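Structure at a glance
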Amino acid sequence: MARKDNIQLTKEIVEPATRRTVVLSIIIPILCVIAFNFFAVWYLARYSPNIGYLLITAKYNLVKSLPVPIDLLILGDSSGNQGVDPAVIKDKLGYSALNACTIGGTIALDDVWMLEEYLNHHEAPKAVLIVHGYDVWSRGLIIEALSKVPGSWWQRQPDLNLTLKQKVKIYLNRYAPLYTETQSLGMVFKYPFLAFKSGLRFDPIGYTEEPVADPEQVRKDVRVHLDYLDTITTIGEVVSQPNRKALERIKELAEKHKFDVFIANGPVYQGLYDDPDFQKYYDVVRQSIGEITATSDYLHYILDPPMTFDANKMQSADHVIASSARDYTAKIAESIDSVLNQIPENQELGEAGFLHPSH
């Protein structure tokens, strides 16, 4: 059959546009995007592949749903989330405890807001324990993580003097996941068989148990931490201004409600702790935190130096497994008990049941 060089295509017939069809062609796609965005907000709040974001909301809900007050409120980042077992606190000190730790990205600001959330629903605890990894103290505002904290936190204390750009970014991170969480949504489409399975898990008192060690990952993580130290040598203060403001606010609440606050160094891999560069930086961290806690009789700095572990007892350079968590928590309980037993007998009894100087 001879090849036809000039094939004539059927002429396309385009119907005349009307105002109605133009409007519908604009409105329908917009409505579809809005609807899918609302679905994405609902979905990511329950099944997000980003476990850290889920953890923030879940821990706030845990605090709000507490049926009765507890003696010790545990705050901090992921090193505390899987490092402090409230059951050990109960066994060693006799205190009921709740682990409300979230992630490092929310820095110490989350400690303040979680504490205030608790105080909005219950009387003051007897004490508060704050656990952070050494590297959290230098971090500034991470809007992506802080946006997941419930409520209008830019109206809370401490005043962060947020810019209009930062406030807009907060709204986008909360209500426009099609724009801000494309990576998480992409994971959903990539692995649809996991779409409605949440990887979030912790027991009724907030503790996340990690039973399996990963020595290889721990050693790899050392390099990550040392590289991080190279970057923060030019960033300024070891304790960032948002963290300083957060600790100042915590001090105000402690003195107002008369409860003790214990700030503990998170667990560290022995190999990382032995590194000279780490030691040099860590000395500045402990000095800075020590100076802050020295400003109030209600603030106490414990586990200085930090408790260290071998690689076969950890998941990463600053996250322990369950057996190590029990040892770490027992050490914290011992330190808390030691501090409280040092308070002179002639001090005034505070509302929380501990002894404090008259103010």
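A brief structural summary. Values in this document were obtained by computation on a predicted structure and should not be read as measured data.

**Examining the overall build of the chain**
Check the secondary structure of the chain and you find 14 helices and eleven strands. Taken over the C-alpha atoms alone, the chain extends approximately 105 × 45 × 40 Å along its principal axes. Looking at the chain as a whole, 48% of its 359 residues are labelled buried. For the chain, contacts bridging at least 24 residues in sequence account for 81% of all contacts bridging at least 6. Carbon and sulfur atoms make up 55% of the accessible area of the chain, which amounts to about 18,800 Å² in all. Here the chain holds 35 positive side-chain charges and 44 negative ones, and the gap between their average locations is 11 Å.

**Focus: unusual backbone geometry**
Between Gln-157 and the following residue, Pro-158, the backbone shows a cis peptide bond with an omega angle of 0°. Considering the arrangement of structural elements, one finds Pro-158 in the loop between helix H6 (143-146) and helix H7 (164-175). For the peptide bond that leads from Asp-304 to Pro-305, omega is 5°, which places it in the cis range. Within the secondary structure, Pro-305 is located in the loop between strand S6 (299-302) and strand S7 (308-309). Phi is positive for Asn-161, close to 50°, though the residue is something other than glycine. Within the element layout of this structure, Asn-161 appears in the loop between H6 and H7. The exposure class of Asn-161 is exposed, given its relative accessible area of 54%.

**Some details on the nonpolar core**
Counting 93 residues, the largest nonpolar core has Leu-73, Trp-113, Leu-129, Trp-153, Val-261, Ile-302 and Ile-332 as its most contacted members. At eight residues, helix H14 (residues 322-341) tops the list of elements feeding residues into this core. Contacts of Trp-113, omitting those with residues within four sequence positions, involve Tyr-60, Leu-146, Val-149, Trp-153, Arg-156, Gln-157, Pro-158 and Leu-160. Grouped together as the second largest cluster of nonpolar side chains are six residues, Ala-40, Tyr-43, Val-188 and Ala-195 included.

**A few points about the sheet that holds strand S4 (residues 260-265)**
The five strands are arranged S2-S1-S3-S4-S6 in an open sheet whose pairing can be described as parallel. Only two strands of the sheet have a single neighbouring strand rather than two, namely strand S2 (97-99) and S6. Across this sheet, the average inter-strand angle for adjacent strands is 20°, counted without regard to direction. Pairing of strand S3 (residues 127-132) with S4, which is carried by six bridges, proceeds in the parallel orientation.

**Digging into the side chain of Asn-243**
Mapped onto the elements of the fold, Asn-243 is located in helix H11 (residues 241-257). Judged by relative accessible area, Asn-243 falls into the buried class, the value being 0%. A distance of 3.1 Å separates a polar atom in the side chain of Asn-243 from the backbone oxygen of Val-136. Beyond its immediate chain neighbours, meaning those up to four positions away, Asn-243 contacts Ile-107, Ala-108, Val-136, Trp-137, Ser-138 and Arg-139.

**A few points about the pattern of salt bridges**
Taken as a whole and assessed by the stated rule, the structure comprises 13 salt bridges. Across the salt bridge formed by Arg-201 and Glu-210, the nearest N and O atoms sit 2.9 Å from each other. For Lys-220, the salt bridge is made with Glu-216, and the minimal N-O distance between the two is 3.4 Å. Of the two residues, Lys-220 and Glu-216 both sit in helix H10 (residues 215-232), four residues apart, roughly one turn of that helix. Residues joined by salt bridges that share partners form a network here, namely Glu-116, Arg-249 and Glu-252.

**Describing helix H1 (residues 19-47)**
Relative to the 42 Å expected for 29 residues at 1.5 Å per residue, H1 spans 41 Å between its end C-alpha atoms, a close match to the ideal helical length. By the burial criterion, the buried members of H1 are Asn-37, Ala-40, Tyr-43 and Leu-44. In this fold, the buried residues of H1 make contact with helix H2 (51-64), H7, helix H8 (177-180) and helix H9 (182-190).

Definitions and limits used
Numbers given to residues run from 1 along each chain, matching the order in which its sequence is written. The predicted origin of the model limits local features to residues at a pLDDT of at least 70 and limits the giving and counting of side-chain atom pairs to 80 or more, whereas totals for whole chains, interfaces and linings rest on all residues. The side-chain figures draw on all heavy atoms in the structure; neither hydrogens nor water molecules are used. For the purposes of this entry, the term helix denotes a DSSP run of H or I that reaches at least four residues, the term strand denotes a run of E that reaches at least two, and both are numbered from the N terminus. For the exposure calls, accessible area comes from a 1.4 Å probe over protein chains only, and a residue counts as buried if that area is under 20% of its type's maximum, exposed if over 50%, partly exposed in between. We call two residues in contact whenever any of their non-hydrogen atoms come within 4.5 Å of each other. Residue-level accessible areas treat just the shown protein chains as cover; the underlying method is Shrake-Rupley with a 1.4 Å probe. In this tally Asp and Glu are treated as negative and Lys and Arg as positive; neither His nor the chain ends contributes. Charge positions are represented by NZ for Lys, CZ for Arg, CG for Asp and CD for Glu. By nonpolar core we mean a set of buried residues, namely Ala, Val, Leu, Ile, Met, Phe, Trp, Tyr and Cys, connected to one another through side-chain atoms within 4.5 Å. By this definition, two strands are paired if DSSP reports at least two bridges between them. Lines fitted to C-alpha atoms define the axes, with helix axes restricted to the stretch in contact, and inter-axis angles between N-to-C directions lie between 0 and 180 degrees. We call two N or O atoms a polar contact when they sit within 3.5 Å, provided that within protein one can donate a hydrogen and the other can accept it, with sequence-adjacent residues counted only if both atoms are side-chain atoms. A carboxyl oxygen of Asp or Glu within 4 Å of a side-chain nitrogen of Lys or Arg is what we treat as a salt bridge. Between the first and last residue of a helix there are one fewer steps than residues, each counted as 1.5 Å, and that sum is the expected span.

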